[in-house]
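Below are the chains, spelled out letter by letter.
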Amino acid sequence: MTQVSPLQAKDREPRAVMIEARNVEKWYPNGYHALRGVDLTVHQGEVVVIMGPSGSGKSTFLRTFNGLEEFQSGSIVIDGMALGNDLRQIGAVRREVGMVFQQFNLFPHLTVLDNLTLAPTLVRGRSKAQVQHQALELLERVGIHEQAHKYPGQLSGGQQQRVAIARSLCMEPRLMLFDEPTSALDPEMVQEVLLVMLELARGGMTMVVVTHELRFARQVADRVVLMAEGEVVEIAPPEQFFNTPQHPRSKQFLSQIS
Amino acid sequence: MDPRLKSPSRLARLRRDLFGTPLDGAITIALLAALGAGAQALLNWALSRADWAVIQANSTLLAVGRYPMAQQWRLWLLTGLLCSATGASWGLLRRRSWPRNDRIAAGLLLAMALVVPAALELGLDVRARWWAIAGLLLLARWAAGRWSHRLPLICQKLWPLAWPGLYVLGLGLIGGGLGLQPVRTSQWGGLLLTLIEASFAIVLCFPLGIALALGRRSELPLLRWGSTIYIEFIRGAPLITLLFLGQNILGFLLPGGLAPDRVWRAAWVLTFFAAAYVAEAVRAGLTALPRGQVEAARSLGLNSLQTVLHVVLPQALRVALPATVGQFITLLQDTTLLSLIGLLDLLGTARAIMANPDFLGRNAEVYLVLAVLFWCCCAALGLGCRALEHRLNRHSSTASR
Ligand SMILES: Nc1ncnc2c1ncn2[C@@H]1O[C@H](COP(=O)(O)OP(=O)(O)O)[C@@H](O)[C@H]1O
Ligand SMILES: [Mg+2]
């Protein structure tokens, strides 16, 4: 993954808005103020990387996009659907939004193939045979179709994370969320997962990625978001963010990680 | 490669394990001597001093209580059905292979079918029934193992559902009705009653316990408090108290005819009692489940029910299974308390027999048979559950990492 420029071609025409978060505030039940009025707009086909120090609220923010965390004020609209207390609406959003976790969270009691087919058959009501066909294609795309009948515990970390990505893709989502997808991996397995994500971005998938992988952010992101202490501090294209950061917090963060 | 090729011969291994150091050797010899002496004393007693007439004369009573003679064919039929189903399940689990344990079990079964009826001096026709049933079990085991792969997959998957069906059929056969002559519960007794009570409680306490465990972790406060109070109340009270209490109040508590008499009331008390303990075992399984599992399921769009059924329970129950099986075995043994509330279960029948002046002083024989019977039932239960556990844990037993 060397000479990938951010897909500027996409910027020509105005694109549909995929995520519209306005002034989102979140308190955890213990009273901790985790999100302090954050705004973010993500357009269709865009790849947004969220960075920031540990505990700054990146995961919390990402998890509000598919209703895994509730928020107390502000508004979030995903692909035209407002996230609120309406359970049916949350279900509709989750069907369109895939999520990849740091700890993979594959279902250990199901084979790789069944991990992929579970949700499409249950949630979309599709026929098992049809989904299996699609699942095998997806596994081929992420390079693990030979392991389709193994259990997750028999795979390496990198393979498991690729299965997790394929599992989300099997639901044919319009938006993919990644929460530090490579942080739990041994260093030699990071690339194979990033490559899959790169392919996905090239295919035009809308992605929001929390990661500390600078190279990935530089090469794939359309914009980089820096969060600190529950706030969005800076949003900028990667060259600008990494070369001429505006906010003191950004400068501090960049000096700490490089 | 055959792993045995590399390991030392069995004899060498035995010698190393038993006589590795002088101290090991001394302990081994002392234990062997003690075991030998004990076995000799027991055999000596069993063959010369003991008088087995008490068992021979009362074998039917111990087995089925006062179940009417003319209707006992129903029990034989049921036993035949159950044994065939057991054999079929066994075969489905093992396919065509006959591992050493299976061969030992089959051998033991055959030996028991030959020895036990002969030792009880049963009539030739009854002995033939024993042989037929043992033969049926092994035949079903063999046939299911041999030909199950020809069955469509859906039949194999749905086979476990045959068990609840068989269970209801069994209760119908035992109790009568629908054209069969009714046999009142007061006529059920002995091993039959013990097994009915235990199996009823085992079958029902399992789903009830799961529901309670889920309730205890529910987000609805009322459900959570209700489940917690129930579980803690039951676990804080001795079973015998609950049994007496149940005899007095269950008639009012349970709706229309669910607990019409003492036998059913006791069965329900056992069920409610065991459910609290099963709930705690299941709760341990739920607690062991990483939070990410539920989050992954929800983020894929599964609703709460689908998440519980397809992601949470399959994993939690695997963790809970060993403790739950232990609970089932305890439950089977706890049925002996029924004799204290006047039911003629195995222990109740035994006590009635020992009170008979004809068999005065033959307590040891009766208790020994009781112990062996319970041991056999518990062993069968444990073996069945172990096989199930093994099957469910395929994913972790084959894990390479
Ligand atoms: N369930 C929770 N209850 C209370 N505080 C929480 C909870 N989850 C996270 N937090 C706090 O919220 C802050 C943001 O957490 P998180 O979004 O996970 O940060 P990041 O992903 O940027 O490292 C942290 O200070 C963390 O301690
Ligand atoms: Mg995080």
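For the structure, check the block above.
On a predicted model such as this, the values are computed, not experimentally measured, just so you know. (Residues numbered from 1 in each chain as written. Chains lettered and ligands numbered in written order. Predicted model: local features only at pLDDT ≥ 70, side-chain atom pairs only at ≥ 80, totals over all residues. Heavy atoms only, no water.)

*Asks:* Give me the overall build of chain B: which residues, what numbers.
*Replies:* Tallying secondary structure elements over chain B gives 18 helices and 0 strands in all. In terms of overall dimensions, chain B has C-alpha extents of about 70 × 65 × 50 Å along its principal axes. Relative to its full complement of 401 residues, chain B shows a buried share of 38%. Restricting the contact set of chain B to residue pairs at least 6 apart, pairs at least 24 apart contribute 74%. (Helix = DSSP H or I, 4+ residues; strand = E, 2+ residues; numbered from the N terminus. Buried < 20%, exposed > 50% of the residue type's maximum accessible area, 1.4 Å probe, protein only. Contact = heavy atoms within 4.5 Å.)

*Asks:* Can you explain the environment of Phe178(A)? Please cite residues and give values.
*Replies:* Residue and element names in this part refer to chain A. As for its placement among the helices and strands, Phe-178 is situated in strand β7 (residues 175-179). Owing to a relative accessible area of 0%, Phe-178 belongs among the buried residues under this scheme. Ignoring anything within four residues of it in the chain, the contact list for Phe-178 reads Leu-62, Val-100, Ile-165, Met-197, Leu-200, Met-207, Val-208, Val-209 and Val-210.

*Asks:* Could you give an account of unusual backbone geometry, with specific residues and numbers?
*Replies:* Of note, Asp79(A) is a non-glycine position whose phi angle comes to about 50°, a positive value. Tracing the backbone through its elements, the reader meets Asp79(A) in the loop between β4 (73-78) and β5 (81-83). The phi dihedral of Glu121(B) is positive, around 55°, even though this residue is not glycine. Along the chain, the position of Glu121(B) falls in the loop between α6 (100-119) and α7 (124-147).

*Asks:* Hey, could you go over the pattern of salt bridges for me, with residue numbers and the actual values?
*Replies:* Counted by the stated rule, this structure contains 21 salt bridges over all chains. In this structure, Glu280(B) and Arg216(B) form a salt bridge, with 2.9 Å as the shortest nitrogen-oxygen distance. Separated by 64 residues along the polypeptide, Glu280(B) in helix α13 (residues 262-288) and Arg216(B) in helix α10 (residues 190-216) bring together distant segments of the chain. Put simply, Lys26(A), Arg63(A), Glu69(A), Arg291(B) and Glu295(B) are held in one network by salt bridges that share partners. (Salt bridge = Lys/Arg side-chain N within 4 Å of Asp/Glu carboxyl O.)

*Asks:* Describe in detail the site of ligand 1, supporting the description with residues and values.
*Replies:* All names here are of chain A. As a structural note, the neighbourhood of ligand 1 is formed by Tyr-28, Asn-30, Tyr-32, Pro-53, Ser-54, Gly-55, Ser-56, Gly-57, Lys-58, Ser-59 and Thr-60. Separating a nitrogen atom of ligand 1 from a side-chain N or O atom of Tyr-28 is a distance of 3.3 Å. A distance of 2.9 Å is found between an oxygen atom of ligand 1 and a backbone nitrogen or oxygen belonging to Lys-58. Within the complex, the protein chains bury 64% of what would otherwise be the 570 Å² of accessible surface of ligand 1. Its residues placed into classes, the shell around ligand 1 shows 3 nonpolar, 7 polar and 1 charged. (Near = heavy atom within 4 Å. Polar contact = N/O pair within 3.5 Å; in protein donor to acceptor, adjacent residues only side chain to side chain. Areas by Shrake-Rupley, 256 points an atom, 1.4 Å probe, with all protein chains shown as cover. Nonpolar A, V, L, I, M, F, W, Y, C, P; charged D, E, K, R; others polar.)

*Asks:* Outline the state of the cysteines, listing residues and values.
*Replies:* Residue and element names in this part refer to chain B. According to the stated counting rule, one finds 0 disulfides over all chains in the structure shown. With no disulfide of its own, Cys-385 has Cys-378 as its nearest cysteine by sulfur position, at a separation of 11 Å. Residue classification places Cys-385 among the buried residues on the basis of a relative accessible area of 13%. (Disulfide = S-S within 2.5 Å.)

*Asks:* Mind laying out the packing of aromatic side chains, listing which residues take part and the relevant values?
*Replies:* Tallied over the entire structure, the rule returns 11 aromatic pairs over all chains. An aromatic cluster is present here, built from Trp188(B), Phe200(B), Trp264(B), Trp268(B) and Phe272(B) joined pairwise through their rings. Lying over the aromatic face of Phe107(A), Arg167(A) brings its terminal NZ or CZ to 4.5 Å of the ring centre. Over the aromatic face of Trp90(B) sits the side chain of Arg141(B), whose NZ or CZ is 5.3 Å from the ring centroid. (Phe/Tyr/Trp six-rings, centres within 6.5 Å; stacked < 30°, edge-to-face > 60°. Lys NZ or Arg CZ within 6 Å of the ring centre and 35° of its normal.)

*Asks:* Just give me the short version of the environment of Cys155(B), but keep the residues and values in it.
*Replies:* All names here are of chain B. In this structure, Cys-155 sits in helix α8 (residues 153-158). The exposure class of Cys-155 is partly exposed, given its relative accessible area of 36%. C-alpha separation for the pair Cys-155 and Phe-200, spaced 45 residues apart in sequence, amounts to 26 Å.

*Asks:* Explain the nonpolar core residue by residue, including any values.
*Replies:* Among soluble globular proteins, nonpolar side chains are generally buried collectively. Within the largest apolar cluster, 52 residues are counted, with the highest numbers of intra-cluster contacts made by Tyr67(B), Ile174(B), Trp188(B) and Leu192(B). Elements represented by at least two residues in this core include exactly α5 (72-94), α9 (162-175), α10, α11 (221-235), α12 (239-253), α13 and α15 (304-334) of chain B. Here the element with the most residues in this core is α13(B); it accounts for 16 residues. Filtering out sequence-adjacent residues up to four positions away, Leu192(B) remains in contact with Ala63(B), Val64(B), Tyr67(B), Leu75(B) and Ile174(B). Counting 49 residues, the second-largest nonpolar core is a separate cluster that includes Val209(A), Ala217(A), Leu226(A) and Leu254(A). (Core = buried A, V, L, I, M, F, W, Y, C linked by side-chain atoms within 4.5 Å.)

*Asks:* Before we move on, can you summarise the environment of Arg362(B) with the specific residues and values?
*Replies:* All names here are of chain B. Secondary-structure assignment places Arg-362 in the loop between α16 (346-355) and α17 (363-392). Judged by relative accessible area, which is 25%, Arg-362 ranks as partly exposed. Sequence-distant contacts of Arg-362, that is, excluding residues within four places in its chain, are made with Arg-49, Ala-50, Asp-51 and Val-54.

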